[in-house]
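# Residue-level structural notes
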Amino acid sequence: MDVKDSVDNNQDVVNIIDDKLVVNIDDELNEDQVKYNEGNIHLPFGNTLTLKETFNITAAAKTKTIVLIGPPSCGKTTIETTLYQMFQISEFGDNYFAGSKTILGFEERAYYTRIKSKQSKPETPRTTRGTEEFLHLKIWNNKTSNYYNFLFADLSGEDIINCIGNVEAMKNDFKLLKNVDYIVAVIDGESIRDKGKRHKVFEETAQLLQTIFDAELINEFTNVQLVFSKYDKIQEYISEDNMLLDKIKSKKTGLIERLKNYYSEIELFDIAAMPTNENCEVGYGLLKLMESWTYVNEDSIKRSNKYKGEINNEFNKLYDKLLGGNDE
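One structure accompanies this document, and this report is about it. (Residues numbered from 1 in each chain as written. Predicted model: local features only at pLDDT ≥ 70, side-chain atom pairs only at ≥ 80, totals over all residues. Heavy atoms only, no water.)

## Side note on the pattern of salt bridges
- Across all of its chains, the model carries nine salt bridges by this definition.
- Its salt-bridge partner being Glu 190, residue Lys 230 comes within 3.7 Å of it at the nearest N-O pair. Separated by 40 residues along the polypeptide, Lys 230 in the loop between β6 (223–229) and α10 (231–240) and Glu 190 in the loop between β5 (182–188) and α9 (195–214) bring together distant segments of the chain.
- Here Arg 193 ties to Glu 240 by a salt bridge, and the two come within 2.3 Å at their closest N and O atoms. With a gap of 47 residues between them, Arg 193 in the loop between β5 and α9 and Glu 240 in helix α10 connect regions that are remote in the sequence.
- On the accessibility criterion, Arg 193 (43% relative accessible area) is partly exposed. (Salt bridge = Lys/Arg side-chain N within 4 Å of Asp/Glu carboxyl O. Helix = DSSP H or I, 4+ residues; strand = E, 2+ residues; numbered from the N terminus. Buried < 20%, exposed > 50% of the residue type's maximum accessible area, 1.4 Å probe, protein only.)

## Regarding the sheet that holds strand β4 (residues 147–155)
- Strand order in the open sheet formed by seven strands is β2-β3-β4-β1-β5-β6-β7, with mixed pairing between adjacent strands. The outermost strands of the open sheet, each flanked by one partner alone, are β2 (95–99) and β7 (266–270). Strand-to-strand twist of the sheet, defined as the mean angle between neighbouring strand axes without regard to direction, takes the value 30°.
- In this structure, strand β1 (residues 63–69) lies alongside β5, joined through four bridges in parallel fashion. Across the sheet, Leu 68 pairs through a bridge with Val 184, a residue of β5.
- Of the strands in this sheet, β1, β5 and β6 touch α9, which is tilted by about 160° from β5.
- Where helix α11 (residues 244–259) meets the sheet, its contacts fall on β5, β6 and β7, and the angle it forms with β7 comes to roughly 155°. (Pairing = 2+ DSSP bridges. Axes fitted to C-alpha atoms, helices over the stretch in contact; angles between N-to-C directions. Contact = heavy atoms within 4.5 Å.)

## Some thoughts on the packing of helix α5 (residues 76–89) against helix α6 (residues 103–110)
- Two numbers describe how α5 lies on α6: the axes approach to 9 Å, and their chain directions differ by 110°. It follows that α5 is roughly perpendicular to α6 by the angle criterion. Crossing angle aside, the handedness with which α5 passes α6 is left-handed. Mapping the contact onto sequence places Thr 77, Glu 80, Thr 81, Tyr 84, Gln 85 and Gln 88 in α5 and Ile 103, Phe 106, Glu 107, Arg 109 and Ala 110 in α6.
- Counted by class, the contact of α5 with α6 contains four nonpolar, four polar and three charged residues. (Parallel < 35°, antiparallel > 145°, perpendicular 65-115°, else oblique. Left-handed = near helix turned anticlockwise from the far one by under 90°. Nonpolar A, V, L, I, M, F, W, Y, C, P; charged D, E, K, R; others polar.)

## Describing the packing of aromatic side chains
- The tally for this structure, following the rule as stated, stands at 11 aromatic pairs.
- Centre to centre, the rings of Tyr 84 and Phe 106 are 4.5 Å apart; their planes meet at 5°, and the pair counts as stacked. Within this pair, whereas Tyr 84 is found in helix α5, its partner Phe 106 is found in helix α6, the two being separated by 22 residues in sequence.
- Between the aromatic rings of Tyr 96 and Trp 140, the centroid separation amounts to 5.9 Å while the plane-to-plane angle is 50°, which identifies the pairing as tilted. Placement of the pair is Tyr 96 in strand β2 and Trp 140 in strand β3 (residues 132–141), with a sequence separation of 44 residues.
- The partly exposed category is assigned to Tyr 96, whose relative accessible area is 34%.
- An aromatic cluster is built from Phe 87, Phe 92 and Phe 97, whose rings are joined through pairwise contacts.
- For Lys 138, the ring lying beneath its charged end belongs to Tyr 147, and the centroid distance is 4.9 Å.
- The ring of Phe 228 has Lys 252 sitting right over it, with the charged end atom 4.3 Å from the ring centre. (Phe/Tyr/Trp six-rings, centres within 6.5 Å; stacked < 30°, edge-to-face > 60°. Lys NZ or Arg CZ within 6 Å of the ring centre and 35° of its normal.)

Below, the structure written as structure tokens:
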């Protein structure tokens, strides 16, 4: 049987996992059947989570929600899945894999980056339009002994790009952006060799972030980052054109200056998640990006401490967890 076929046949997997342990409460059960099912645990399917399903994670532990935005095929999903796959090799820096509630979701997206998929080059499928799903990754840091939960919002590139310049559409269709910790705008490194494409991709990124700001989906605690994906291709192009490096630097500076009116601070990262040449190793730049999400924002601490004296009931305890008061 083809591996992809077995992965795609979700209903068969559900049946195998459930093994008839979970029953419909509307079915008539005799006394022995009821006793048999008592105490059985429903195993999670492992697929992507809906927004509602992420509540159990955000309510129970410190969680950072990250959304990667950008045009189709710029490398958003590849960054997410490669980060997950780095832990299949070994620890990643001082970080260890501590679990995931969406392993099947990661595996489905990572399949085409592997040799057994027989692809000529590593690629991940595009996110389907209309999709609003989440991937979950939990890590443990050996130096700090802290656990970190990451939720990656898996959004369609076509959907968000179509909202550029349309403030009302952005506000209505992407409300979740207002509650995320990190908005990561991904610029396709493979598209900045050609002058025309280079101008388009930088202009598109600027307009996208401006539209998000105008839609009031940014608050003072939102972190904005710029990621230049496929950095191995950028390195390849620079080796062929000595002037290209200065042109890219000029574009980066211009973009940051333009966005200063909207965002006080923007971090820049160069990433080669799944390089197609030898200019970069697999996962280049990902460790630095991931560790930036574990950074403790002093403003968030002050906001949390404001409520420390008011934690006298379950509602306030839950709110404190959502603000980062739980270290698990």
